[in-house]
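# Fold and contact review
Residues per chain, in single letters:
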Amino acid sequence: NPLLVRNPSKKLLSVNFDPQLVAMLREVHYLNMREESEQSIPETAGAVFSKDDMYRRYIQNLDLIVQWYNKIRENVLDVEYPLIERQLNSVDSQLERALTTLCWTSEEAWEYIQETREAVHKLESELQTAKDNIENMKNMLTHWSESPLFARHDGKKDNTLLILEDREQRMTARRDLMAKDSTAIHEIVKKNLELFQANEESAEWKRYLDYLDDLVTDGFFNSVNKSLSFLLEHTDGSSLPEGGSLPALFEAKLELVQPNMVF
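Our subject in this report is the structure included herewith. (Residues numbered from 1 in each chain as written. Predicted model: local features only at pLDDT ≥ 70, side-chain atom pairs only at ≥ 80, totals over all residues. Heavy atoms only, no water.)

Mapped onto the elements of the fold, Val91 is located in helix H4 (residues 81–100). Through-space distance from the C-alpha of Val91 to that of Leu123 is 8.5 Å; in sequence the pair is 32 residues apart. When sequence neighbours within four positions are dropped, the list of residues in contact with Val91 reads Tyr69, Ala119, Val120 and Leu123. (Helix = DSSP H or I, 4+ residues; strand = E, 2+ residues; numbered from the N terminus. Contact = heavy atoms within 4.5 Å.)

With respect to the helices and strands, the residue Ser223 is situated in helix H7 (residues 203–233). You can call Ser223 buried: its relative accessible area is 7%. If we ignore the near neighbours within four places in the chain, the residues touching Ser223 are Trp144, Ser145, Arg174 and Met178. (Buried < 20%, exposed > 50% of the residue type's maximum accessible area, 1.4 Å probe, protein only.)

As a further point, take the packing of helix H5 (residues 109–143) against helix H6 (residues 167–195). The N-to-C vectors of H5 and H6 enclose an angle of 165 degrees; their axes lie 10 Å apart at closest approach. On the basis of their axis angle, the class for H5 and H6 is roughly antiparallel. Like other packed secondary-structure pairs, H5 and H6 cross with a definite hand, here left-handed. Where H5 approaches H6, its residues Glu126, Thr129, Ala130, Asn133, Ile134, Met137, Met140, Leu141 and His143 are matched on the opposing element by Leu177, Asp181, Ala184, Ile185, Ile188, Lys191, Asn192 and Leu195. Taken together, the residues of the contact of H5 with H6 break down into 10 nonpolar, 4 polar and 3 charged. (Axes fitted to C-alpha atoms, helices over the stretch in contact; angles between N-to-C directions. Parallel < 35°, antiparallel > 145°, perpendicular 65-115°, else oblique. Left-handed = near helix turned anticlockwise from the far one by under 90°. Nonpolar A, V, L, I, M, F, W, Y, C, P; charged D, E, K, R; others polar.)

Inspection of the entire model under this criterion finds 11 salt bridges. Asp92 is paired through a salt bridge with Arg73; the nearest N and O atoms lie 3.0 Å apart. Of this pair, Asp92 sits in helix H4 while Arg73 is found in helix H3 (residues 52–75), placing the two residues 19 residues apart along the sequence. The pair formed by Asp92 and Arg73 is uniform in burial state, with each residue classed as buried. Linked by salt bridges that have partners in common, Arg6, Arg73 and Asp92 make up one network. (Salt bridge = Lys/Arg side-chain N within 4 Å of Asp/Glu carboxyl O.)

In the structure shown here, the tally under the stated rule is 7 aromatic pairs. On the numbers, 6.3 Å between centres and 25 degrees between planes, the contact of Tyr58 with Trp104 is stacked. Here Trp104 lies in the loop between H4 and H5 and Tyr58 lies in helix H3, a separation of 46 residues in the sequence. Given a relative accessible area of 8%, Trp104 falls into the buried group. When the centroid spacing of 6.0 Å and the interplanar angle of 5 degrees are considered together, the rings of Tyr58 and Trp110 count as stacked. Placement of Tyr58 in helix H3 and of Trp110 in helix H5 is noted, with a sequence separation of 52 residues between them. The exposure class of Tyr58 is buried, given its relative accessible area of 4%. Grouping aromatic residues by their ring pairs yields a cluster made of Tyr55, Tyr58, Trp104 and Trp110. The ring centre of Trp110 lies 4.7 Å from the NZ or CZ of Arg57, which sits over that ring. (Phe/Tyr/Trp six-rings, centres within 6.5 Å; stacked < 30°, edge-to-face > 60°. Lys NZ or Arg CZ within 6 Å of the ring centre and 35° of its normal.)

Turning next to H6. Over its 29 residues, H6 runs 42 Å from end to end, which matches the ideal 42 Å to within 8%, given 1.5 Å per residue. Taken as a whole, H6 has its buried residues at Arg174, Met178, Asp181, Ile185, Ile188, Val189, Asn192 and Leu193. Elements that come into contact with the buried residues of H6 comprise H5 and H7. Within two residues after H6, Gln197 carries a phi angle of roughly 50 degrees, on the positive side. (Expected span 1.5 Å × (residues − 1).)

Quick look at the nonpolar core now. By size, the foremost hydrophobic cluster in this structure holds 46 residues, and its most contacted members are Leu3, Leu4, Leu95, Trp104, Met137 and Phe196. Broken down by element, this core gets its largest block of residues, 11 residues, from H5. Leaving out residues up to four positions away in the same chain, Trp104 has contacts with Asn1, Pro2, Leu3, Val15, Asn16, Phe17, Met54, Tyr55, Tyr58, Ile59 and Leu62. (Core = buried A, V, L, I, M, F, W, Y, C linked by side-chain atoms within 4.5 Å.)

Put into structure tokens, the structure is as follows:
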């Protein structure tokens, strides 16, 4: 039997080791552990069990190959797939022997399994690192909208007005945060370009950049929306119960400075 089988519809892999054979190896193992076994071990079963360590080593490494490969297939985004298609096709070509000609008794099986494990792990690791980079970028963008740009006083001394005394500092702090994150985002884009081994002039890479641009645009939108929603919440009394009122948000003063009135 070949080492691996593939689900033709989902293109996912599984290890092609008969569960009954696993049960037989386990049973022979327990029989060997007994000092005095009342049952003799069949010659065929004993011959198979003599290679138990080899089979376990094969299965452990093939399980890793299957786990990493299926993770790639199941988690790759539509916008990422064209960027790894060439590498994935190369891995598929290498896997073809495990799906067709190589079996559990092939002399070159172990060397092949090791080489294939490294190839699949390399692709899985590079894709996962690129995904982790984008998650880090999303976390940066989320920080932009964690709090509105302005806030009310805490209500002490009956003061609930909008805090405007430090508005310049708040604006500067938010602008500095976005500038710092923008530099980090540019670094993430450079790292992912290397991880995907992509041509920055290719249509596939430009579509990927469009995807990242949309994420950044959403970050800006959510940041602005957070502050506007705060102002709406504290100025629109339409949702209040009848007779309810909102505390003042702004304060205006009129002073007489002869011969004028100054607001």
